[in-house]
Amino acid sequence: MLSCPHYHSSFHLHRNPPAAVTVTTAAFSISASLPRRQNVQFSNDSSPAATNTNSPPPPPQPKDPILRTHNAKTASLLSRHLHHDPSPPAAPQLPEFQQQVFPPEEQVKRQELSLLATRRAPRFPGSISFDSPTSSAASPLQTLFVKDAGSAEDEDDGGGVDDETIIKAVEIRRKVTAEIFQQAMKRGKFGLTYASNLASKLGDFLDFVMIEAAEMKKLRQFEGSSFNLRAKIVIEELEVVSLIRWLKHNELSYPKIAKLINMARGRLDTVRRLAVWLKMIHVKGEFLGPVLTKAGGNILERSIEELDEIVGYLERNGVRRDWMGYVMSRSPPLLSYTMEEVKARVRFFLDMGMNEKDFGTMVFEYPRVLGYYSLEEMNQKVGYLKEFGISDQDVGKLLAFRPQLMGCSIEETWKPLVKYFYYLGISRDGMRRMLMIKPMIFCVDVEKTIVPKVRFFQDIGIQDDGIGNMLVKFPPLLTYSLHKKIRAVVIFLMTRGGVSERDIAKVIASGPELLGCSIVHKLDINVKYFFSLGIRPHLLGEMVADFPVLLRYNVEVLRPKYRYLRRTMVGSLQDVIEFPRFFSYSLEDRIMPRHKVLVEKQINMKLRYMLACSDEEFERKVEAILEKRRSLEAGRLDQKDEHIGSLQLS
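Read on for a plain summary of the structure. (Residues numbered from 1 in each chain as written. Predicted model: local features only at pLDDT ≥ 70, side-chain atom pairs only at ≥ 80, totals over all residues. Heavy atoms only, no water.)

## A few points about unusual backbone geometry
Piece 1. Residues other than glycine seldom take positive phi values, yet Glu239 does so here, at roughly 55°.
Piece 2. By secondary structure assignment, the location of Glu239 is in the loop between α10 (227–238) and α11 (240–249).
Piece 3. Exposure remark for Glu239: the relative accessible area of 52% places this residue in the exposed category.
Piece 4. Non-glycine residue His282 carries a positive phi angle of around 75°.
Piece 5. Counting through the fold element by element, His282 comes out in the loop between α13 (268–280) and α14 (288–294). (Helix = DSSP H or I, 4+ residues; strand = E, 2+ residues; numbered from the N terminus. Buried < 20%, exposed > 50% of the residue type's maximum accessible area, 1.4 Å probe, protein only.)

See below:
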């Protein structure tokens, strides 16, 4: 490898060797061919004293002849070189700062710094060294000595180098600690990949192990022990491997395990104790990590008695025991509150007229309402809702029905929504009605949810004030999907329902409830029923335009009314086409009693005049008809008497 030019030169030198060059070349040739241990043995030959070519070498002394063996020339040159100067080489002159004598305290400090120094990289034949050149500015120990000499400039420079050296030493110790941890995981039957991934996220825990291992050196029994042994003992005493196995068995991923162990530091027994308690209140294994990590830093300092007190208080106020695991899984900060804070939050809702049953169901439906928002923030939201004219009791009912309102922002959600409703012409009373009927509207995004639907209604011909009235009349409309629900129903009405493009805006504005009907289970079935009666599609479209709610009735309700019309009332299909609201009236309470009255009075009346009035108006209509009939009959009698009298006179 190194050798071709050098070996050839050494062979030429053997024939006619100058003294100094022959010795140096022979030494290099032997050192290159002998094992590594021989290199170490003869390393003194490369010192300045041994390789000084300015002074003439002493004459070689005669020795016993060496028998010719393998590499005889090289061996003879080596023997001549080793015996020509029996005196040891002179020691090199040290710099002045290395010749200083330090007090015992400084010597201890020097030893500590030498322990922190980086380890020498392993060497092997043919390796390339990248060591920095040795100088007084690059060596931490040398700068320390210069700093002690009293130079201010060197003191500043030395401090920077010391910090860098310490950082490098800490990084090395951290890597060593990580290797020791991975070995412990390997002994615990964990895979290498899992152990390395977990160790890469346990920076705080590994630092804790390093500190504990350094503290152990102060103990008498560990004065002479190595850092590796002390770190291994710390990891074994903490029983971290068994805890990791238990957490992994409870479906925790390694990032969550690492976060939990970093947060616990040395209190790993507390982690197991809290995890067992959480499982007792029905927290599932997959939620153990999020609950412990999101509950707050003081969760590991809470006693089991304090946590039991919180759970018992919630249970007495309507939160069932079997709901507790679900509630704590969705609202972990609740475990970090003091008992006074928990009572204040519970009283906040109970003071609005909410009973224990409503409070329990509210917490179960939306656990975040009890643990994630501050009392100040919740008071601001309740005050904003009261501006719509809602009382405290109504706000309590509203929150019990839709607690997600507490998760909405006043500035980002409610104020833009109210401003847009005012633009559509919706008054505050209308907003209150929308809020009480469908509170979920105040939890949606204006730009993504409401604006596209309003634009669609404008495209089909509905005016802005009509849209506002439509939303107030049927608030759930804003919670439906535009493409899967609203647009699909409009297309069905214009195709299968026979509604013309001119009437579609009127149908939707007058009957927005149609947009909430299922096409398969409601609209299509009703359309087929009317087709079965003999009604043409365009006539059905006119009927729907006159009475949009017609398609919302069940066929079981429509069929007996139509049968009574045709069989008992002896009506025609045209009567239904002209007055489709006939199907909206009750058969037992209105149609049959009024028809019975008309039959008894022998009166024939159209469906519109018969049904589209109150009972008092119906009675007045009947009396008017009877009065007219009596007057007509009286007039006929008078005319008949006059005719008879004239005949008698004649």
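And the narrative resumes.
## Concerning the state of the cysteines
As used in these notes, a disulfide is a covalent bond between sulfur atoms, one from each of two cysteines.
Piece 1. Considering all chains together, one arrives at zero disulfides under this definition.
Piece 2. Left unpaired, Cys408 is separated from the closest cysteine sulfur, that of Cys443, by 3.2 Å. (Disulfide = S-S within 2.5 Å.)

## What about helix α32 (residues 587–601)?
Piece 1. Here α32 contains 15 residues, and its C-alpha end-to-end distance of 20 Å stays within 8% of the 21 Å for a straight helix at 1.5 Å per residue.
Piece 2. Three or more residues of α32 are buried, namely Leu587, Ile591, Arg594, His595 and Leu598. Along the axis of α32, the buried positions cluster into a sector of 125°, meaning they face one direction only. Facing away from the buried side of α32 by over 90 degrees, the exposed positions are Glu588, Asp589, Lys596 and Glu600.
Piece 3. Structurally, the start of α32 carries an N-cap: the backbone nitrogen of Asp589 is 3.3 Å from a side-chain oxygen of Ser586.
Piece 4. A positive backbone phi angle near 55° is found at Gln602, which sits one or two residues after α32. (Expected span 1.5 Å × (residues − 1). Arc of directions from axis to C-beta. Polar contact = N/O pair within 3.5 Å; in protein donor to acceptor, adjacent residues only side chain to side chain.)

## Thoughts on the side chain of Arg345
Piece 1. In this structure, Arg345 sits in helix α17 (residues 339–350).
Piece 2. Salt bridges are absent for the buried Arg345, whose nearest opposite-charge side chain, Glu341, sits at 6.1 Å.
Piece 3. Separated by 3.5 Å, the side chain of Arg345 and the backbone oxygen of Leu370 make a polar contact.
Piece 4. Reaching out from Arg345, the side chain makes a polar contact with the backbone oxygen of Tyr373 at a distance of 2.4 Å.
Piece 5. Apart from the residues lying within four places of it in its own chain, the contact partners of Arg345 are Tyr337, Leu370, Gly371, Tyr373, Ser374, Leu375 and Met378. (Lys, Arg positive; Asp, Glu negative; His and termini not counted. Salt bridge = Lys/Arg side-chain N within 4 Å of Asp/Glu carboxyl O. Contact = heavy atoms within 4.5 Å.)

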